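The primary structure of each chain is shown beneath.
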Amino acid sequence: MLDCGLDTSSALYFLPLPLVHSPRLSKLPGWVSKDGTVNLEKELKECAGRVFVDTQPEFCLPERELLDLSTVDVILISNYHCMMALPYITEHTGFSGTVYATEPTFQIGRLLMEELVTFMERVPKAQSATCWKNKEIQRSGSSGTSYIVINSVSCMCALTIFTLFYIVECFCFSSFKSDVFVFRMLPGPLKDAVDVWSWKRCYSMQEVNSALSKVQLVGYSQKVELFGAVQVTPLSSGYSLGSSNWIIQSHYEKVSYVSGSSLLTTHPQPMEQSSLKNSDVLILTGLTQIPTANPDGMLGEFCSNLAMTIRAGGNVLVPCYSSGVIYDLLECLYQFMDSANLGTTPFYFISPVANSSLEFSQIFAEWLCQNKQSKVYLPEPPFPHAELIQTNKLKHYPSIHGEFSSEFRQPCVVFTGHPSLRFGDVVHFMELWGKSSLNTIIFTEPDFSYLDALAPYQPLAMKCVYCPIDTRLNFHQVSKFLKEVQPLHVVCPEQYTQPPPSQSHRADLMLELQPPPMAYRRCSVLGLPFRRRYERIHLLPELAKSLVPSEIKPGVSVATVSAVLQSKDNKHVLQPVPKPVPVPPSKKRKRLMEEVPDLLSPKPLLSGAVPLEAFLASLHKSGITEVKVEETADGHILHLQAEDALIQLEEDATHIVCDNNEPLRTALRDLVLRFLQKL
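Criteria and thresholds
- The numbers attached to residues start from 1 for each chain and follow its sequence in the written order.
- Only residues with pLDDT of at least 70 get local features here, since the model is predicted, and only at 80 or more are side-chain atom pairs given and counted; chain-wide, interface and lining totals rely on the full set of residues.
- The side-chain values count all of the structure's non-hydrogen atoms but skip hydrogen atoms and water molecules.
- The salt bridge definition used is simple: a Lys or Arg side-chain nitrogen within 4 Å of an Asp or Glu carboxyl oxygen.
- Runs of H or I in DSSP of at least four residues are treated as helices and runs of E of at least two as strands, each being numbered from the N terminus.
- With a 1.4 Å probe rolled over the protein chains alone, any residue whose accessible area is under 20% of its type maximum counts as buried; one over 50% counts as exposed, and the rest are partly exposed.
- Two strands make a pair as long as DSSP finds a minimum of two bridges between them.
- Geometry is summarised by axes, namely lines fitted to C-alpha atoms with helices restricted to the contacting stretch, and by angles between N-to-C directions that run from 0 to 180 degrees.
- Angle categories: roughly parallel below 35 degrees, roughly antiparallel above 145, roughly perpendicular from 65 to 115, and oblique for all the rest.
- Helix crossings get a hand from a simple test, with the near helix turned counterclockwise from the far one by less than a right angle marking a left-handed crossing and a clockwise turn marking a right-handed one.
- Should any heavy atoms of two residues lie within 4.5 Å, those residues are counted as being in contact.
- Residues are grouped as follows: nonpolar covers Ala, Val, Leu, Ile, Met, Phe, Trp, Tyr, Cys and Pro; charged covers Asp, Glu, Lys and Arg; every other residue, Gly included, is treated as polar.
- Classification of ring pairs uses Phe, Tyr and Trp, with its six-membered ring standing for Trp, and accepts pairs whose centres are within 6.5 Å; under 30 degrees between planes counts as stacked, over 60 as edge-to-face, and the remaining range as tilted.
- The rule for a charge over a ring is simple: NZ of Lys or CZ of Arg within 6 Å of the ring centre, and within 35 degrees of the ring normal.

**What about the pattern of salt bridges?**
- Scanning the model with the defined rule gives 18 salt bridges in all.
- With its nearest N and O atoms 3.1 Å apart, the salt bridge here joins R50 to D452. Taken together, the positions of R50 in strand β3 (residues 50–53) and D452 in helix α13 (residues 450–454) put the pair 402 residues apart, joining distant regions of the chain.
- Of the charged contacts, one joins E253 and R532 as a salt bridge, the two residues approaching to 3.8 Å between their closest N and O atoms. With E253 in the loop between β13 (244–249) and β14 (254–259) and R532 in the loop between β24 (524–527) and β25 (537–539), this residue pair connects regions lying 279 residues apart in the sequence.
- A residue is classified by how much of its surface remains accessible, and R532, at 22% relative accessible area, is partly exposed.
- One salt-bridge network, held together by shared partners, links E63, D195 and R522.

Here you go:
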């Protein structure tokens, strides 16, 4: 199984979880259908013209209906964002296999899961909303009739499953067209949500620890053998600390999995491309979500909007994850703020795992780019945020409670989570700063629609700036990359093979390859266009010594082998045939037949061809002159009329037919054998 990402965009359908009591959210009216047939006012609340679920946010899990996940032996993780659903898989499906990930992916993934659990547990919701997910409500029309129309459903990647012969790509939320869409009783956008009855609440810390106990750490270029059948190898993908592409190969076949990769020069090790060359199949996913936005341009806009707000006396709120782009943002601001004469502006990083995240970024030196690795040996910290912390320009806190409330001063810049604006400390700052037009919220994470994220906070006075920074491969970069690595076949999501619906004229925003890529949709099953044709077999030295090669043509020798084939853990070994141990004769029964006979030597193999003219000449010399030759589709038939016999010469066989004349059959056989080589 390749990755097990968690689709947190489902949180946008829920009301925010405020850290302190919010009179505004608590007074929202409940929702009742227009005809009054459905009353869900305790579960659904109306806010700014939209309806939200009033309970703890739930998440869309990887596809679990397509196959039994307990049969999965191995999960390969490409980066820490792609392991957030791991506890759901390892703890609730009977999974008993092994998970492979690099150490930074493991450690930072743990931090992100711990942060998510903390966000949920510190604002518990006594009320659990379940009626709105009832399938009858989800699928029924307001008059009790189902209406069917052609429409499209919007979805996003959640799960990929792979075997050496078949690939199954399962998507909970990626763009694909459906033939049937059913009008639902719920208002928009809830009626457009997919498979809501499969959504689950957040896991517990106990489940996180149990899931992570199944992870085995690997390093870049380390070859890991899986059951003797294939080897898997992680390679740097250049996207984040410890992020990996994977090679899955046998002795004769090679499959590459490229997910979440970057060719830009940022803090991780650069992408390793050479090892991906000449793959039979390359599975491609995790391209940039904003192909028209340049990361450097977005950084420039981020800095300029931040400076404008601070100079005007306002505060800047940056909803972000606790690891990843935040390291690059802090490094960019470190250089920018002094040149903009804003060096006294405080930065606050608020997260339950803020301290651990900043420390981990400094100690994973071998996973960083060469420029940052060299600083470690000076010695200097790889990232400048260490200096920002020492000079008190950057302060980090586990939450808004405690020390933060006493040390907080404005104007300032606050980095905090969650980017969905549905839980975490960011909810408090939205309530605190949202009413002032001096303040600005800057979105840098591309995973969520900023308009949907802001919906429950409307009307909003604070300024909103969208500067999504996504360093993953764009279509131009991936086309150039594929020309260099030259896979025989490319497998990718269907949406990569056509322009975005909003920009249907942009042919440059799609993959155009020859041969065309194999595209998949949700729950489609693809047969990969290659087969395992060969297996490698090892000969033991003592068996190899006994071989007697025969030269069948210049430079080519062949030897026959009589051996015992031992297959264990998908490894095959040829061993010498064991000599039978003689059984001592019994005192009661001394019979010869009870003794084990010696093994007979195998008959020699024959190679070569019987030339017709030369064979006829040899028959003539042996006194057989009356021969009638008949040509057939497979060769020739020789009728020996005087001897009443028949010889059938074919490409791979020779048949001699003569009734009750063993001396003649033997003589003819010997004539045939003169033209063949014995092995």
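**Description of the sheet that holds β25**
- If you walk across this open sheet you meet the three strands as β25-β29-β28, and the pairing is mixed. A strand with exactly one partner marks an edge of an open sheet, and here the two such strands are β25 and β28 (563–568). Adjacent strand axes in the sheet meet at a mean angle of 25° when their direction is disregarded.
- Inspection of the sheet shows β25 paired to strand β29 (residues 571–576) by three bridges, in the parallel sense.

**Comments concerning the pairing of β13**
- Burial runs high along β13: six of the six residues are buried.
- Burial along β13 is two-sided: S244, W246 and I248 facing one way and N245, I247 and Q249 facing the other are all buried.
- Summarising the sheet, strand β12 (residues 230–236) and β13 pair through six bridges and their orientation is antiparallel. When the sheet's bridge partners are listed, L235 is paired in β13 with N245.
- The antiparallel pairing of β13 with β14 creates a hairpin that spans four residues between the two strands.

**Focus on the packing of helix α6 (residues 295–311) against helix α7 (residues 325–339)**
- At a closest axis distance of 11 Å, the pairing of α6 and α7 adopts a crossing angle of 55°. Looking at the two axes, α6 sits oblique to α7. The two elements α6 and α7 cross, and the hand of that crossing is right-handed. On α7, the residues touching L299, F302, C303, S304, L306 and A307 of α6 are L329, C332, L333, F336 and M337.
- For the contact of α6 with α7, the class distribution of residues is ten nonpolar, one polar and no charged.

**A few points about the packing of aromatic side chains**
- Across all of its chains, the model carries 24 aromatic pairs by this definition.
- Aromatic side chains F360 and F364 sit 5.4 Å apart centroid to centroid with 10° between the ring planes, which places their arrangement in the stacked category. Both residues of the pair, F360 and F364, belong to the buried class.
- Here the aromatic cluster, defined as three or more aromatic residues joined through ring pairs, consists of Y348, Y397, F404, F408, F429 and W433.
- Lying over the aromatic face of F383, K372 brings its terminal NZ or CZ to 4.8 Å of the ring centre.

**Let's talk about the side chain of K45**
- Its location among the elements puts K45 in strand β2 (residues 44–47).
- Not counting the four nearest positions on each side in its chain, K45 is found in contact with L15, L28, P29, G30, R50, V51, F52 and D54.

**Describing the environment of E484**
- Structurally, the position occupied by E484 is in helix α14 (residues 475–485).
- The exposure class of E484 is partly exposed, given its relative accessible area of 40%.
- Along the chain, E484 and K277 lie 207 residues apart, while their C-alpha atoms are 7.4 Å from each other.
- For E484, the contacting residues outside a window of four places in its chain are Q273 and K277.

**Side note on the environment of P234**
- The topology assignment puts P234 in strand β12.
- For P234, a relative accessible area of 0% puts it in the buried group.
- Those residues within four positions of P234 in sequence are excluded, and the remaining contacts are V218, G219, Y220, S221, Q222, S244, N245 and W246.

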